[in-house]
Amino acid sequence: TILALFSLLGGVMFFFGDLFSFFTSLYLMRSPEVQSAMRELRNYQPSGNAFLLNPEGVLISSGIGVLISVGAIAASIGLLLRKNWGRISYIAVVWIQAVYFGVVSTLGITAVKSFVDQPGMERISGMNSLWRIGGWLTIGGAILLLALAIAVLWGLSREKVRREFL
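Residues numbered from 1 in each chain as written. Predicted model: local features only at pLDDT ≥ 70, side-chain atom pairs only at ≥ 80, totals over all residues. Heavy atoms only, no water.

## Let's talk about the nonpolar core
Phase 1 of the analysis: Membership of the largest hydrophobic core comes to 16 residues, with the highest contact counts inside it found for L79, Y90, V93, V94, V152 and L156.
Phase 2 of the analysis: Mapped onto this core, the elements with two or more residues apiece are helix 3 (55-80), helix 4 (84-116) and helix 5 (127-157).
Phase 3 of the analysis: Residues within four places of V93 in sequence aside, it is in contact with I68, G71, A72 and A75. (Core = buried A, V, L, I, M, F, W, Y, C linked by side-chain atoms within 4.5 Å. Buried < 20%, exposed > 50% of the residue type's maximum accessible area, 1.4 Å probe, protein only. Helix = DSSP H or I, 4+ residues; strand = E, 2+ residues; numbered from the N terminus. Contact = heavy atoms within 4.5 Å.)

## Section: the pattern of salt bridges
Phase 1 of the analysis: Taken as a whole and assessed by the stated rule, the structure comprises 3 salt bridges.
Phase 2 of the analysis: A salt bridge links E164 to R82; the nearest nitrogen and oxygen atoms lie 3.4 Å apart. Here E164 is found in helix 6 (residues 159-164), whereas its partner R82 is found in the loop between helix 3 and helix 4, with 82 residues between them in sequence.
Phase 3 of the analysis: With a relative accessible area of 38%, E164 lands in the partly exposed category. (Salt bridge = Lys/Arg side-chain N within 4 Å of Asp/Glu carboxyl O.)

## Thoughts on the packing of aromatic side chains
Phase 1 of the analysis: By the definition in use, this model includes 2 aromatic pairs.
Phase 2 of the analysis: The interplanar angle of 75° and the centroid separation of 5.2 Å between the aromatic rings of F15 and F16 together place this pair among those described as edge-to-face.
Phase 3 of the analysis: Aromatic side chains F22 and F23 sit 5.5 Å apart centroid to centroid with 85° between the ring planes, which places their arrangement in the edge-to-face category.
Phase 4 of the analysis: Assessed through its relative accessible area of 25%, F22 is described here as partly exposed.
Phase 5 of the analysis: Sitting over the face of the ring of W154, R158 holds its NZ or CZ atom 4.8 Å from the ring centroid. (Phe/Tyr/Trp six-rings, centres within 6.5 Å; stacked < 30°, edge-to-face > 60°. Lys NZ or Arg CZ within 6 Å of the ring centre and 35° of its normal.)

## Things to note about a nonpolar patch on the surface
Phase 1 of the analysis: On the surface, I2, F6, L9 and M13 cluster together into a nonpolar patch covering about 480 Å² of accessible area.
Phase 2 of the analysis: As for its position among the elements, F6 is in helix 1 (residues 2-30).
Phase 3 of the analysis: With a relative accessible area of 59%, F6 lands in the exposed category. (Patch = residues over 30% accessible without salt bridge, like charges linked within 9 Å, V, L, I, M, F, W, Y side chains within 5 Å. Areas by Shrake-Rupley, 256 points an atom, 1.4 Å probe, with all protein chains shown as cover.)

## A word on the layout of surface pockets
Taking a probe equal in size to a water molecule and rolling it over the atoms shows the remaining empty space.
Phase 1 of the analysis: There is about 690 Å³ of room inside the largest pocket.
Phase 2 of the analysis: As for the largest pocket, its lining consists of 24 residues, and the residues nearest its centre are G10, F14, I68, Q97 and L145.
Phase 3 of the analysis: Broken down by element, the residue count for the lining of the largest pocket peaks at 8 residues, all from helix 1.
Phase 4 of the analysis: The residue inventory of the lining of the largest pocket, partitioned by class, reads 14 nonpolar, 9 polar and 1 charged.
Phase 5 of the analysis: Taken as a whole, the second largest pocket encloses approximately 180 Å³ of empty space.
Phase 6 of the analysis: Lining the second largest pocket are 13 residues; nearest its centre among them are L3, G155, L156, V161 and F165. (1 Å grid on protein atoms, 1.4 Å probe; cavity = no way out; pocket = protein on both sides within 12 Å on 5 of 7 lines; lining within 4 Å. Points joined across faces, edges and corners; volume = space filled by probe spheres on them. Nonpolar A, V, L, I, M, F, W, Y, C, P; charged D, E, K, R; others polar.)

## Looking at the side chain of R87
Phase 1 of the analysis: Relative to the assigned elements, R87 resides in helix 4.
Phase 2 of the analysis: Lacking a salt bridge, the buried R87 has E159 as its closest oppositely charged neighbour, with an N-O distance of 8.6 Å.
Phase 3 of the analysis: A distance of 3.0 Å separates polar atoms of two side chains, one belonging to R87 and the other to N84.
Phase 4 of the analysis: Setting aside residues no more than four positions away along its own chain, R87 makes contact with L79, L156, S157, R162 and F165. (Lys, Arg positive; Asp, Glu negative; His and termini not counted. Polar contact = N/O pair within 3.5 Å; in protein donor to acceptor, adjacent residues only side chain to side chain.)

## Comments concerning the environment of G71
Phase 1 of the analysis: Along the chain, G71 turns up in helix 3.
Phase 2 of the analysis: In this structure the C-alpha to C-alpha distance between G71 and V94, which are 23 residues apart in sequence, comes to 9.7 Å.

This is the structure we're talking about:
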């Protein structure tokens, strides 16, 4: 019950956060100032690795986040009701979130790295330290999320727990 309540609360929070990000990205995509800034940014980043930093990338990422959050909310309700579909769905949602975080984090690190490696960036004080800290936080987050996914799979797959769900 506690897992389901925390999951439901987290799902609702992530849903509204991703929904806000989604609509903010839509607004930014229509802004002439942002469009101009993105054209300038592409001059410094010609390889296109910064897709997730563009409003279009944030829009797609947020849209996927909204869908995952809706799945988490539905699975949490299934857990609260002690339905077997809720147990199975919750396991699936946690693993989808883990994979999604890994993909988005990898793309984000690649995008940031492409900026850090630009000529002249080494003159900006603290850039390398910031890059290292961000990398370690991302790797740490991925490890924690993977550990959570393994714990959820183990916990909800035990025979004693499976008998609780209809």
